[in-house]
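The residues making up each chain are set out below.
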Amino acid sequence: MFTPLDPPIETLTTGVVVVGAGAAGLATALNLAPCQVVVLAHGPAATGWAQGGIAAATGPDDSPAFHAADTAAAGAGLVDPLVAALVTAAGPGCIDWLQSAGVTFDRGTDGRPARGLEAAHGRARILHAGGDATGRAILAALTARAAAAPHIRRLDNAEATALLTDARGRIAGIIVDLTGRRLMIRTPAVVLATGGIGGLYAQSTNPPGATGRGLALAARIGARLRDLEFVQFHPTAMDLGGDPMPLASEAIRGAGAVLIDGAGRPVMAGTPGGDLAPRDVVARQVAATIDAGDRVFLDARAAIGPGFAERFPTAAAACRTAGIDPASQPIPVAPAAHYHMGGIAVDLAGRTGIPGLWAAGEVAATGLHGANRLASNSLLEALVCGGWVARDILSTSPDARAPVIRPALRTGRAGTGEGAVAIGRLRTAMSRQAGVLRDAAGLDQLISLAAAMEADPHLPAAIADRALVCRLIAEAARNRPDSIGAHQRADATPPRPPGAPPCPCLISLIFPTSWWSRSCARL
C-alpha cells in the first residue's frame, strides 16, 4: 500500500548528503571540505570485510599501464579503457593519501610496503594492512578522520528510504528512517555510496544489509542502471555453515594454496592460470565440481602451513570457530555472491544523469570492471572515484531553494515472520536461478516471483525494494543470451567466432518500470 508522506518529525538542511559510510562514502565526505556534509550510516560497511587488499602499481617492475591491461583482460572485453587508465593512474597517489590518513600497510623485509600477487594480476601489486584485515584498517582510519572533521555530521542507524526531487526532476532532499523516527533532509546534492547486492543471495560474503537499496532509490526516480547481470561470485567462500559466509581471501591462493576435491585431486589442473585464473573461471570450476556431487577444499598446508594464522588472521579466526586448523586441515569452500560489477550508470565524475545525484563505489557502474572485476580493484575504485565525485560537487552551485515534490511512500502490514519468509524465498531463488550458471527458464521463474513480491501491498517497502532489484538483475541476465565473464548461461547462444570481441554495445539500461538494450550486430 502507498500512503502520502506524513510530516517528518524533524527536518534538516545541509549542503550534501552521503548515503553510506564505507570507503566510497567516507572518501567523498572527507574530500568535500569545507562543504557541510551529512553521512548516513546503516549497518556494517562492506569495506570493513574486505580481506584481499588494494591494488596499485607501486613496484619498480610495474606501471599503471600494466595494471590497466590486467583490468581489461579480466573484464572480458567490456572494460572502458579510459576509466581503467585513469583509475589505475590514480592508484599510487591513492596509497599515499591512505598513508597520510593513518593506514599502515604491511612491510616487507626492505621496510617498504609489501606487495602480494592475486588472481589475474601480472605483477605483485596488492597492498595489505594487518594481513587479511585491509578493509578493516582502511575503514578505521577513514572513520576516525571523518569523526574529527568539523564539516561532517554522521547519523548512525540511518536508513535512506526515498529520494526527493523538485518539479524539474532535480534532487531536493532525502527521507531517512532513524530507528522509527522519520527525518527529511533538504539538500541539493546526494551521493549514493550504499555498496553492493550480495545480501540478496542465500550464499554471500557480504554484510546482510548489502541488498541494493541504493539501486532501488535511484531507479525509482528514473536513474539509469547498467550491466546488472554481472555479479561476481567469489570461488573460495568458506563453507562452514555461516550466513554470511566468511571469505578465504584470494591472497591465500596467491601465497600458494591450491583447490582440491574430496579425493585430494587439484580442481584447477589443466586450466590456464590454474588456481590464480580469473575469479569467474575459478568459480565455475568450483561450482561444477560441487554440482557433480563432490566437495572442494582450499589446501594451504604445504604452501603456508603453521604461518597461516599470522598471515591471514581473519580467515584463521573463522576456521577456529568451526573447529578447523588450516595449518593442518584443508578448508571447505564454495562460490558465493561477492561483488556487483553493474550498478547506477555514472560518468567519470560520478554523475548519474539525475541533476544533484551522484554515485560512487560498488553501487555505481563506472565501466572499470566490465564483465568481471579484477581482484582488489574495488577499494581502489571506491577511494579514487569518491574523490572525483567530491571534486565535481565542489565545482557546482546547486540551488537548494526549490520546493520539494513529496512522493507517496509505501507502507506494509507484514509481520516480522512473514517478511523473513519472503526474504528467504528471494535469497534462495537468487542463488538457484541467478547464480554462477543461469538459464532462461530459471530466470523467468525468478522474475515472476520478484514481480509478485514487488506488487504485494502487504509487504513493506524494504522488501519491495529487494524484490525490485532482484527482478532487474534477473531481467538483465535474461536479456543477455550469450555467456561472458561472470554472466554464464547454460542455454547460451553459440559462441562468437575465435578472436571476435564481445559486443560492447549490449548494455542493459534499466528504468523503474521498463528496460531495454542497445545491441550491435553480431560479428
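Everything numeric in this text was worked out from a predicted model, so none of it was measured.

What counts as what
Residues numbered from 1 in each chain as written. Predicted model: local features only at pLDDT ≥ 70, side-chain atom pairs only at ≥ 80, totals over all residues. Heavy atoms only, no water. Buried < 20%, exposed > 50% of the residue type's maximum accessible area, 1.4 Å probe, protein only. Helix = DSSP H or I, 4+ residues; strand = E, 2+ residues; numbered from the N terminus. Arc of directions from axis to C-beta. Contact = heavy atoms within 4.5 Å. Core = buried A, V, L, I, M, F, W, Y, C linked by side-chain atoms within 4.5 Å. Pairing = 2+ DSSP bridges. Axes fitted to C-alpha atoms, helices over the stretch in contact; angles between N-to-C directions. Right-handed = clockwise from strand over helix to strand, strands pointing away. Parallel < 35°, antiparallel > 145°, perpendicular 65-115°, else oblique. Left-handed = near helix turned anticlockwise from the far one by under 90°. Nonpolar A, V, L, I, M, F, W, Y, C, P; charged D, E, K, R; others polar. Salt bridge = Lys/Arg side-chain N within 4 Å of Asp/Glu carboxyl O.

Engineer: Outline helix α2 (residues 64–74), supporting the account with residue identities and numerical values.
Structural biologist: For α2, every residue scored as buried is listed here: H67, A68, D70, T71 and A74. Here the buried residues of α2 occupy an arc of 160° about the axis, which is enough to place them on one side. In α2, the exposed positions angled more than 90 degrees off the buried face are occupied by A65 and A73. Taken together, the buried residues of α2 touch β5 (54–55), α3 (81–89) and α11 (377–394). Of the residues one or two after α2, A76 is the one with positive phi, at around 60°.

Engineer: I'd like a description of the nonpolar core, backed by residues and values.
Structural biologist: Of all hydrophobic cores here, the largest spans 63 residues; its most connected members are L40, I174, I185, L192, Y201 and I344. The element contributing the most residues to this core is helix α14 (residues 461–479), with ten residues. For I344, the contacting residues outside a window of four places in its chain are L192, G214, L215, A218, A223, R224, L225, T352, A359, V363, A364 and A365. Counting 52 residues, the second-largest nonpolar core is a separate cluster that includes I95, L98, F105 and C385.

Engineer: Run through the sheet that holds strand β7 (residues 126–127), naming residues and quoting values.
Structural biologist: An order of β5-β7-β6 is seen for the three strands of this open sheet, with the pairing classed as antiparallel. Only two strands of the sheet have a single partner each, and these edge strands are β5 and β6 (115–116). In this sheet, β7 lies alongside β5 in antiparallel orientation, the contact comprising two bridges. From the neighbouring strand, I54 faces β7, where its bridge partner is L127.

Engineer: Can you tell me about the environment of A345, naming the residues and giving the values?
Structural biologist: Looking at the secondary structure, you find A345 in strand β18 (residues 343–345). Among the residues examined, A345 registers a relative accessible area of 11% and is labelled buried. As a C-alpha pair, A345 and R224 span 121 residues in sequence and 5.6 Å in three-dimensional space. Aside from chain neighbours lying at most four places away, what touches A345 is R224, L225, R226, R351, T352 and A365.

Engineer: If you had to explain the environment of V37 to someone new, which residues and values would you point to?
Structural biologist: Along the chain, the position of V37 falls in strand β4 (residues 37–40). Here the alpha-carbon distance between V37 and V190, two residues 153 residues apart in the chain, equals 9.7 Å. Those residues within four positions of V37 in sequence are excluded, and the remaining contacts are T14, V16, V18, A29, L32, H151, I152 and R153.

Engineer: Summarise the sheet that holds β4; cite the residues concerned and give the values.
Structural biologist: Spatially, five strands are ordered β8-β4-β3-β12-β19 in an open sheet, and the strand pairing comes out parallel. A single partner strand is all that each edge strand has here, and the edge strands are β8 (152–155) and β19 (357–359). When strand polarity is set aside, the average angle formed by the axes of neighbouring strands in this sheet is 20°. The pairing of strand β3 (residues 16–19) with strand β12 (residues 190–192) spans three bridges and is classified as parallel. From the neighbouring strand, V18 faces β12, where its bridge partner is V191. Strands in contact with helix α1 (residues 23–31) are β3, β4, β8 and β12; relative to β3, the strand with the most contacts, it is inclined by about 160°.

Engineer: Give a description of the pairing of β4 that names residues and reports values.
Structural biologist: Taking every second residue as pointing to the same face, both faces of β4 are buried, with V37 and V39 on one and V38 and L40 on the other. By the bridge criterion, four bridges tie β3 to β4 in an arrangement that is parallel. The residue bridging V16 from the neighbouring strand is V37, located in β4. Taking the sense of rotation as the criterion, the β-α-β connection linking β3, α1 and β4 turns out right-handed. Here β4 runs beside β8; their pairing, made up of four bridges, is parallel. What sits directly across from V39, in β8, is R154.

Engineer: I'd like a description of the packing of α2 against α3, backed by residues and values.
Structural biologist: Two elements in contact, α2 and α3, have axes whose closest approach is 8 Å; the angle formed by their N-to-C orientations is 135°. By the angle between their axes, α2 is oblique relative to α3. Remark: the crossing between α2 and α3 carries right-handed chirality. Contact residues: P64, H67, A68 and T71 in α2; A84, A85, T88 and A89 in α3. Considered class by class, the residues forming the contact of α2 with α3 number five nonpolar, three polar and no charged.

Engineer: How would you explain helix α4 (residues 91–100) if you had to name every residue and give the values?
Structural biologist: Of all the positions in α4, only G91, C94, I95 and L98 are classed as buried. Buried residues of α4, seen end-on, are gathered within an arc of 100° and therefore sit on one face of the element. After α4 finishes, the residue G102 shows a positive phi value of roughly 110°.

Engineer: Residues and numbers for the pattern of salt bridges, please.
Structural biologist: One pass over the structure, following the stated rule, counts 22 salt bridges. The shortest N-O distance in the salt bridge between R253 and E250 comes to 2.9 Å. Of this pair, R253 and E250 are both found in helix α7 (residues 250–254), three residues apart, which corresponds to roughly one turn of the helix. Sharing partners across several salt bridges, the network here consists of E159, R213, R220 and D465.

Engineer: I'd like to hear about unusual backbone geometry, residue by residue, with values.
Structural biologist: In most cases, non-glycine residues show a negative phi, while peptide bonds are predominantly trans. Following A33, the chain continues into P34 via a peptide bond in cis, with omega recorded as 10°. In this chain, D243 is followed by P244 through a cis amide linkage whose omega measures 5°. The phi torsion at A120 lies on the positive side, around 70°, for a residue other than glycine. Checked against the element boundaries, A120 lands in the loop between β6 and β7. Residue classification places A120 among the partly exposed residues on the basis of a relative accessible area of 26%. Phi is positive for S376, which is not a glycine, with a value near 70°. Looking at the secondary structure, you find S376 in the loop between β20 (364–365) and α11. Look at S376 and you get buried, because its relative accessible area is 5%.

Engineer: Go over the pairing of strand β9 (residues 158–165) with me, naming the residues and quoting the values.
Structural biologist: By the criterion of burial, β9 is predominantly enclosed, with seven of the eight residues buried. With seven bridges connecting them, β9 and strand β10 (residues 171–178) associate as antiparallel partners. In the sheet register, A158 faces β10, and the bridge partner there is L178. Between β9 and β10, which follow one another and run antiparallel, lie five residues, and G169 among them has a positive phi close to 85°.

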